[in-house]
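If you want the building blocks of each chain, they are given just below.
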Protein chains: 6
Amino acid sequence: MTDSALRPSGRAADQLRPVSIVRGFTRHAEGSVLVSFGDTRVLCTASVEERGPAWKKDGGWVTAEYGMLPRATHDRSRREAAQGKQSGRTQEIQRLIGRSLRACVDLNALAGLTITIDCDVLQADGGTRTAAITGGYVALVDALNAMKKSGKLKKNPLFGQIAAVSVGIHNGKPVLDLDYSEDSACECDMNVVMNEAGQFIEVQGTAEGHAFRREELDQLLDLAGKGIGELIAAQNAALAG
Amino acid sequence: MTDSALRPSGRAADQLRPVSIVRGFTRHAEGSVLVSFGDTRVLCTASVEERGPAWKKDGGWVTAEYGMLPRATHDRSRREAAQGKQSGRTQEIQRLIGRSLRACVDLNALAGLTITIDCDVLQADGGTRTAAITGGYVALVDALNAMKKSGKLKKNPLFGQIAAVSVGIHNGKPVLDLDYSEDSACECDMNVVMNEAGQFIEVQGTAEGHAFRREELDQLLDLAGKGIGELIAAQNAALAG
Amino acid sequence: MTDSALRPSGRAADQLRPVSIVRGFTRHAEGSVLVSFGDTRVLCTASVEERGPAWKKDGGWVTAEYGMLPRATHDRSRREAAQGKQSGRTQEIQRLIGRSLRACVDLNALAGLTITIDCDVLQADGGTRTAAITGGYVALVDALNAMKKSGKLKKNPLFGQIAAVSVGIHNGKPVLDLDYSEDSACECDMNVVMNEAGQFIEVQGTAEGHAFRREELDQLLDLAGKGIGELIAAQNAALAG
Amino acid sequence: MTDSALRPSGRAADQLRPVSIVRGFTRHAEGSVLVSFGDTRVLCTASVEERGPAWKKDGGWVTAEYGMLPRATHDRSRREAAQGKQSGRTQEIQRLIGRSLRACVDLNALAGLTITIDCDVLQADGGTRTAAITGGYVALVDALNAMKKSGKLKKNPLFGQIAAVSVGIHNGKPVLDLDYSEDSACECDMNVVMNEAGQFIEVQGTAEGHAFRREELDQLLDLAGKGIGELIAAQNAALAG
Amino acid sequence: MTDSALRPSGRAADQLRPVSIVRGFTRHAEGSVLVSFGDTRVLCTASVEERGPAWKKDGGWVTAEYGMLPRATHDRSRREAAQGKQSGRTQEIQRLIGRSLRACVDLNALAGLTITIDCDVLQADGGTRTAAITGGYVALVDALNAMKKSGKLKKNPLFGQIAAVSVGIHNGKPVLDLDYSEDSACECDMNVVMNEAGQFIEVQGTAEGHAFRREELDQLLDLAGKGIGELIAAQNAALAG
Amino acid sequence: MTDSALRPSGRAADQLRPVSIVRGFTRHAEGSVLVSFGDTRVLCTASVEERGPAWKKDGGWVTAEYGMLPRATHDRSRREAAQGKQSGRTQEIQRLIGRSLRACVDLNALAGLTITIDCDVLQADGGTRTAAITGGYVALVDALNAMKKSGKLKKNPLFGQIAAVSVGIHNGKPVLDLDYSEDSACECDMNVVMNEAGQFIEVQGTAEGHAFRREELDQLLDLAGKGIGELIAAQNAALAG
């Protein structure tokens, strides 16, 4: 059985979906990026507010919020604003995005500022959180550059570059960047956030029912490293554009 | 003073902003339309669920939900899902959209079905509710056609066509289709929903501080009629496309 | 068919229900009015608090809250406080009342003060929001007079008088001041708020299923004007009493 | 020092405020009573719904809800529906009213029915919960009689009569039926619910700071018994009227 | 029939369950007490915060919060944090605990401090609120002593000692300290809070269906006095330990 | 520098804190375990309800809820029930516990049953979620055994054994089972859930600011494997006891 036979999309095991990163997608936000991983499309905006976080004496803050339009998915999901609360899944994802992006920023250099990265899924086909982190990084860079240009930032608070991808075991074989049809049928999946030096920021692997062996874990991390290298290149191409 | 001098955009008093109606903007929903009135962009999806409304014995239902991405606006607004409730403004708007769309549908012919029109504002520049109604109608038509094609609908429940536009008095003069800079400075504004026969579905006029005279009201309604005629033509062009 | 045959109450098409405006209905509020439009009875109190609105640097504020006692209606409705939220209908109505009353007040002259008009429906028979606006105006005047007497207001912030009434098409004919039996069966209905000069503050017309023509709209506005003239006379009589 | 010197109102220590019980105050509810204990005025409605309680297999249910109009009090209190929840005080009071009224009803005889007693305070001057219980009883009787008349009840579920009053120690002396000026300054207060045989349904006594001795408790219970006897007579007079 | 025949536990009518008061049960709180009344076990912690209450200009505050672990009871109850609100019962109980403990403290001497008594039921077998008050008092004393030792308190704010017990009529006979099997079948029950001088702080007696006579009330209060005397001795023994 | 110098507790880098697993800690739950990892103490109860999950046609369900008593921590945290919602952290943890425990259970064999594992932290000193998973497993086994004994389960749904531990890099060196003083100062930390075969169920590693290299990740996973082997032995000893 060839690789392409294994994946519904015909992709090779170590092949990303087509990636697109469109900057300036909307006009009000300091950074506004539409990121696509195949059919997954997430609008990431970076909003700068001139106030530090209330619960913290010094330094600034970077935080994230995540949402999914009700019909981003195959079946309509209920609107969280109408439900009156964010689901546990939403909170878990937005906490992950926020932690990941803070890992490449010197918060002291942001003193007096709060940057909120809003990640809203317009269309979902698996991997929304990894697309959000990858696109959110670009929106954050655009917002930081805007602040440098306007003189609100003395020094560059950015000290690294991050991107994220999912990996998992599908049909018994490790694969990169799962789409929805793979994700819903996979035996275990892992979201990995890495920096441009190939170091880990976040590793979140989950098995329900089928536990994974150490060598499988190693293979998954190798795949993630390859994918993230390509995503970092895509970010750089977009930022150079 | 010429017309164009009166409006920040240079438009004539009776001139709509450029209108764009893109069908099939996302792939999961039965109807998915990105509508633009100038810089105002609203994603309208129509989702069909095979259940009648719980509170109603017979017939189906058409309802609407409205949301604004946090950074659709000039300053970031707080995410309603995180706030734990929808604002009064949001509820008022989604009730208006739902009532308006129900006014062109035979609910009995929809028996056993609920159609939800989700209107999510990606970018706001005034007139989001009228854009939502105008685009929502097209999404609704696409969803009804999809159901007819799949045999879930025996007869066509649609018995009219509707569109909506705002009008207001700006710098002392009635103008059509207010953008944000006009809206925030206008003396009174009115949202008008009409059908293809030029009859009224909804009229909502508001004055804060400056009341409007009967002849001003008449002029505003004339302007609205003109604009809605053009919007109905734009809907038909999109549906024919 | 005569007029009286058309209306369950036997009223003429342009006839208001008996109006009663009782001032000083309760003793704590600066203004306290029990207003009746026929069997619709609303208790309107105006409460003055010596604080400006938090979100506004200058000037004072006038706002409104609306509630319905659970058994004000034919069937008991659920208590909103127990539900944990106000319905969309409630919010829409209280926003309308607040906007309407602000339209006759100079907010700058109210600097440092917030006036809340609470409108609580003791018994409902159609037209609760228009009764609330009409009675709320009288409560507001009483509160402003109390503040002038106590020296808290230097100049009179009131620059107009407002009242409200509903109109609609019932059995194919325009009628004034719909009661519940008419309201629940009418083809379209409109709430109109006007000032003492016959100018419009708010016009909110709605058709579900049956759209209304321009000449019908004109007739409805004529009826509203006549009714509001009589309501303004009733307010003046009550205030003179 | 004479009794009348002790009480701001000039009442004797064992004297109730003027009591008024008006039946049929609003028209929709099966029972509707406006009860006044002096300046305290509470609208009590009894609403019958033809459904048993969901959480109970057999028999019917009697429950109560309590609310205070925002400006029933000297200073405006925030509307609980707008706050999004009922306060602990509100819940405590409505639980007390419900338990008290269930103590005189055979719930098995109410099978298939739920009666809700809504007690809404129009004006508060101390003793709102005891007025609510006393007036709620009359509304309940009216609703039960209406059901008997309409044939929905085979046998009378009522097996007793109840009323309630507050007592407390004010200026070192036990007094009956505290008004607000006494209540806010009293050393301990007690709400007592009794039946027509002088037996206790509820006794809730509270001391903050100043504990009360057994002989004081005995005096308070004697006063309560006297007052409740008079309230039961007032209920009977109203029901006979 | 002997006493022991009357009670499922074989206890005499005036016999408490075995009482245990363990200080220092957890290590972070200024006071931490595990109190057991038979199989009822409540963890009471006293937490000192160096802030006065926001709503009160002078003096400090003592407040209480109450919770029940979901499986403290025979059947699992739903977690209030997951439900999104505290039940009426929970609020009623925590208000009672707070009022009772404030009755033995000079709040002025606590200026600038707030003490929160958290009472969490690990295992429930009737009488959780009375155990909470009795154990909460000991936790409060430990916290006050810790503050005196650290110099945060100049003078001792404690001016009395309190404890609480339940009494009720079971099988027609007054009994002390009801366990769950008695509580769920009793004809009336009463929670009594008293101080070391035998004076009353709170008396809360409830009858559902079966009203209680004055002589029964007297017997119940006598039983409560006896039990509270023993509980106060147990508190003193624990504090001396 | 020796290992013991590196850790505030003096433990070796690969040394667990003393582990204690007490079964039958409370009496109502089908499984009730007090687990201690050093000063971290979590009460884990397993509650069986005879209903399948509403959202799932076949099979049973295992879920978890997590809570922290307000004063389990050094400073008092606000009670989530009083706040009206569970924090994102709480939801993230209870989702992790539930997923982990479902990974060793055949849900089909649980048809018609729901088991809820409540994990309530009585005292916190780091590692509450890993203690909860380790103790929750034992409570789950006790509940499954109780159901087998009572005949409610035909076959054993358990097909594996799981435990969890945290690892992290502290003072530049990988260490096992972080206590609070290490956790709050560590450069990265990872929670690992494994089964008795040394396979992974969950891996959640986080770096804020300091990313970790692949060889560090490998060392952390080795440490986790060693610790989980010892925890599985401790579970077995407790279950044999």
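Residues numbered from 1 in each chain as written. Chains lettered and ligands numbered in written order. Predicted model: local features only at pLDDT ≥ 70, side-chain atom pairs only at ≥ 80, totals over all residues. Heavy atoms only, no water.

Focus on the pairing of strand β9 (residues 200-207) of chain B
- Most of β9(B) sits out of view: eight of its eight residues are buried.
- The pairing of strand β8 (residues 188-195) of chain B with β9(B) spans seven bridges and is classified as antiparallel. Opposite B:Met190, over in β9(B), you have B:Gly205 as the bridge partner.
- Counted along the chain from β8(B) to the antiparallel partner β9(B), the turn is four residues long, and its residue B:Gly198 has a positive phi close to 80°.
- Direction of pairing for β9(B) relative to strand β9 (residues 200-207) of chain C: antiparallel, over a ladder of five bridges. Bridge pairing links B:Gln204 to C:Gln204 in β9(C). (Buried < 20%, exposed > 50% of the residue type's maximum accessible area, 1.4 Å probe, protein only. Helix = DSSP H or I, 4+ residues; strand = E, 2+ residues; numbered from the N terminus. Pairing = 2+ DSSP bridges.)

Re the packing of helix α3 (residues 88-102) of chain F against helix α4 (residues 128-149) of chain F
Residues and elements named next belong to chain F.
- For the pair α3 and α4, the least separation of the axes is 10 Å and the interaxial angle reads 40°. When the interaxial angle is binned, α3 and α4 end up oblique. Here α3 and α4 pass one another in a crossing that is right-handed. Contacts between α3 and α4 involve Arg89, Ile93, Leu96, Ile97, Ser100 and Leu101 on the former and, on the latter, Thr128, Arg129, Ala132, Ile133, Gly136, Tyr137 and Leu140.
- The class makeup of the residues in the contact of α3 with α4 is eight nonpolar, three polar and two charged. (Axes fitted to C-alpha atoms, helices over the stretch in contact; angles between N-to-C directions. Parallel < 35°, antiparallel > 145°, perpendicular 65-115°, else oblique. Left-handed = near helix turned anticlockwise from the far one by under 90°. Contact = heavy atoms within 4.5 Å. Nonpolar A, V, L, I, M, F, W, Y, C, P; charged D, E, K, R; others polar.)

Here we look at helix α4 (residues 128-149) of chain A
All names here are of chain A.
- Taking 1.5 Å per residue, 22 residues should reach 32 Å; α4 reaches 31 Å between its end C-alpha atoms and fits that length.
- By the criterion of burial, α4 is predominantly enclosed, with 18 of the 22 residues buried.
- Gly151 sits one or two residues past α4 and shows a positive phi near 85°. (Expected span 1.5 Å × (residues − 1).)

Points about the packing of aromatic side chains
- For the structure shown, the criterion picks out 12 aromatic pairs over all chains.
- When the ring of B:Phe212 is compared with that of C:Phe200, the centres are 5.8 Å apart and the planes differ by 35°; the resulting orientation is tilted. With B:Phe212 in the loop between β9 and α6 (214-240) and C:Phe200 in strand β9, the pair connects residues from two separate chains. Judged on exposure class, the residue B:Phe212 and its partner C:Phe200 are both buried.
- Seen in terms of ring centroids, C:Trp55 and C:Trp61 are 4.6 Å apart; in terms of plane orientation they differ by 90°. Their pairing is edge-to-face.
- Its relative accessible area of 17% is what places C:Trp61 among the buried residues.
- Positioned above the aromatic ring of B:Phe25 is the side chain of A:Arg41, whose terminal nitrogen or guanidinium carbon lies 5.2 Å from the ring centre. (Phe/Tyr/Trp six-rings, centres within 6.5 Å; stacked < 30°, edge-to-face > 60°. Lys NZ or Arg CZ within 6 Å of the ring centre and 35° of its normal.)

Notes on the sheet that holds strand β3 (residues 40-49) of chain E
Residues and elements named next belong to chain E.
- Strand order in the open sheet formed by five strands is β1-β2-β3-β5-β4, and the pairing between neighbours is mixed. Where the open sheet ends on each side, the last strands, each with one partner, are β1 (19-23) and β4 (61-68). On average, adjacent strands in this sheet sit at an angle of 20° to one another, irrespective of strand direction.
- Bridging between strand β2 (residues 31-37) and β3 involves seven bridges; their strand directions are antiparallel. Bridging from a neighbouring strand, Val35 pairs with Val42 of β3.
- Across the face of the sheet, helix α3 (residues 88-102) comes into contact with β4 and β5 (114-123) while running at roughly 145° to β4.
- In the packing of helix α4 (residues 128-149) onto the sheet, contacts are made with β1, β2, β3, β4 and β5, and the angle to β3 comes to roughly 35°.

Brief notes about the interface of chain F and chain E
- In this complex, chain F contributes 38 residues to the contact, which on the side of chain E involves 38 residues.
- Approximately 3000 Å² of surface area, both sides summed, lies buried where chain F meets chain E, with 47% of it carried by carbon and sulfur atoms.
- Our enumeration of links across chain F and chain E arrives at 16 salt bridges.
- Of the charged contacts, one joins E:Glu65 and F:Arg79 as a salt bridge, the two residues approaching to 2.9 Å between their closest N and O atoms.
- For the pair chain F and chain E, the interface holds 26 residue pairs in polar contact (both at pLDDT 80 or more).
- Counting residues per element, the ones that place at least two in the side of chain F that touches chain E are β3 (40-49), β4 (61-68), α2 (80-83) and β5 (114-123) of chain F.
- Of the residues in the side of chain F that touches chain E, the class split is 14 nonpolar, 11 polar and 13 charged. (Buried area = accessible area lost by both parts, 1.4 Å probe. Salt bridge = Lys/Arg side-chain N within 4 Å of Asp/Glu carboxyl O. Polar contact = N/O pair within 3.5 Å; in protein donor to acceptor, adjacent residues only side chain to side chain.)

Overview of the arrangement of the chains
- The two partners chain A and chain D share no contact, and the minimum distance between any of their C-alpha atoms is 11 Å.
- There is no contact between chain C and chain F; across them, the least C-alpha separation is 11 Å.

Quick notes on the sheet that holds strand β7 (residues 173-176) of chain A
- On the basis of which strands lie adjacent, the open sheet formed by eight strands has the order β7(A)-β6(A)-β8(A)-β9(A)-β9(F)-β8(F)-β6(F)-β7(F) and antiparallel pairing. The sheet is open, and its two borders are formed by β7 of chain A together with β7 (173-176) of chain F, each paired with just one other strand. Averaged over all pairs of adjacent strands, the angle between their axes in this sheet comes to 15°, without regard to strand direction.
- Here strand β6 (residues 162-170) of chain A pairs with β7(A) via four bridges, running antiparallel. Note on β7(A): the bridge partner recorded for A:Ile169 is A:Pro174.
- Along the sheet, α3(F) makes contact with β9 (200-207) of chain A together with β6 (162-170), β8 (188-195) and β9 (200-207) of chain F, crossing β9(F) at roughly 155°.
- Of the strands in this sheet, β9 of chain A together with β6, β7, β8 and β9 of chain F touch helix α6 (residues 214-240) of chain F, which is tilted by about 140° from β6(F).

Quick look at the confidence of the model for chain A
- On average, chain A scores 94 in pLDDT, and the residues at 70 or more come to 97%.
- Interface confidence in the predicted complex, given as ipTM, is 0.94; pTM for the same model is 0.94. (pLDDT = per-residue confidence, 0-100.)

Some remarks on the relation of the copies chain F and chain E
- Each copy of the sequence occupies a distinct position, and chain F is placed on chain E by a rotation of 180° and an axial shift of 0.0 Å, giving an RMSD of 0.0 Å. Considering both components of the superposition, the chain copies are consistent with a two-fold axis.
- An overlap of 100% is found between the interface residues of chain F and their copies at the interface of chain E, pointing to a shared contact surface. (Least-squares fit on C-alpha atoms with pLDDT ≥ 70 in both.)

Observations regarding the pairing of strand β2 (residues 31-37) of chain F
All names here are of chain F.
- By the criterion of burial, β2 is predominantly enclosed, with seven of the seven residues buried.
- Judged by which residues are buried, β2 turns out to be covered on both faces: Gly31, Val33, Val35 and Phe37 on one side and Ser32, Leu34 and Ser36 on the other are all buried.
- Of the strand pairs in this sheet, strand β1 (residues 19-23) and β2 are connected by five bridges, and their pairing is antiparallel. Paired with Val19 across the strands is Phe37, a residue of β2.
- Remark: two residues form the turn of the hairpin made by β2 and β3, two consecutive strands paired antiparallel; Gly38 in that turn has positive phi of roughly 60°.

Observations regarding the side chain of A:Arg129
Residues and elements named next belong to chain A.
- By the element assignment, Arg129 lies in helix α4.
- Of the buried charged residues, Arg129 lacks a salt bridge, with Glu92 as the closest side chain of opposite charge at 4.6 Å.
- What Arg129 contacts, discounting residues up to four positions off in sequence, is Arg89, Ile93, Leu96 and Asn191. (Lys, Arg positive; Asp, Glu negative; His and termini not counted.)

Regarding the UniProt feature "domain: Exoribonuclease phosphorolytic" (unreviewed entry) in chain A
- The positions UniProt marks with the feature "domain: Exoribonuclease phosphorolytic" (unreviewed entry) are residues 15-143 and 161-226 of chain A.
- Annotated as 27% helix and 31% strand, the span residues 15-143 of chain A places its first and last C-alpha atoms 31 Å apart. (UniProt positions renumbered as here; feature names shortened; annotations may be inferred.)

Observations concerning the relation of the copies chain B and chain A
- You can overlay chain B on chain A at an RMSD of 0.0 Å; the transform is a turn of 180° with a shift of 0.0 Å along its axis.
- Most of the interface of chain B is mirrored in chain A, where 100% of its interface residues again form contacts.

Things to note about the environment of E:Val175
Residues and elements named next belong to chain E.
- Take Val175: it is sitting in strand β7 (residues 173-176).
- The exposure class of Val175 is buried, given its relative accessible area of 1%.
- Once the C-alpha coordinates of Val175 and Arg71 are considered, the two residues, 104 residues apart in sequence, prove to be 27 Å apart.

Thoughts on the UniProt feature "binding site: phosphate" (unreviewed entry) in chain A
Residues and elements named next belong to chain A.
- The UniProt entry lists Arg89, Gly127, Thr128 and Arg129 under the feature "binding site: phosphate" (unreviewed entry), expressed in the numbering used here. The largest pairwise C-alpha distance within this set of annotated residues, which runs over 41 residues, is 13.4 Å, so the set is compact in three dimensions.
- Setting aside residues up to four positions removed in sequence, Gly127 forms contacts with Arg17, Thr40 and Leu178.
- Locating Thr128 in the fold gives a position in helix α4.
- For Thr128, a relative accessible area of 6% puts it in the buried group.
- Within the structure, Thr128 has its side chain in polar contact with the side chain of Tyr66 (distance 2.6 Å).

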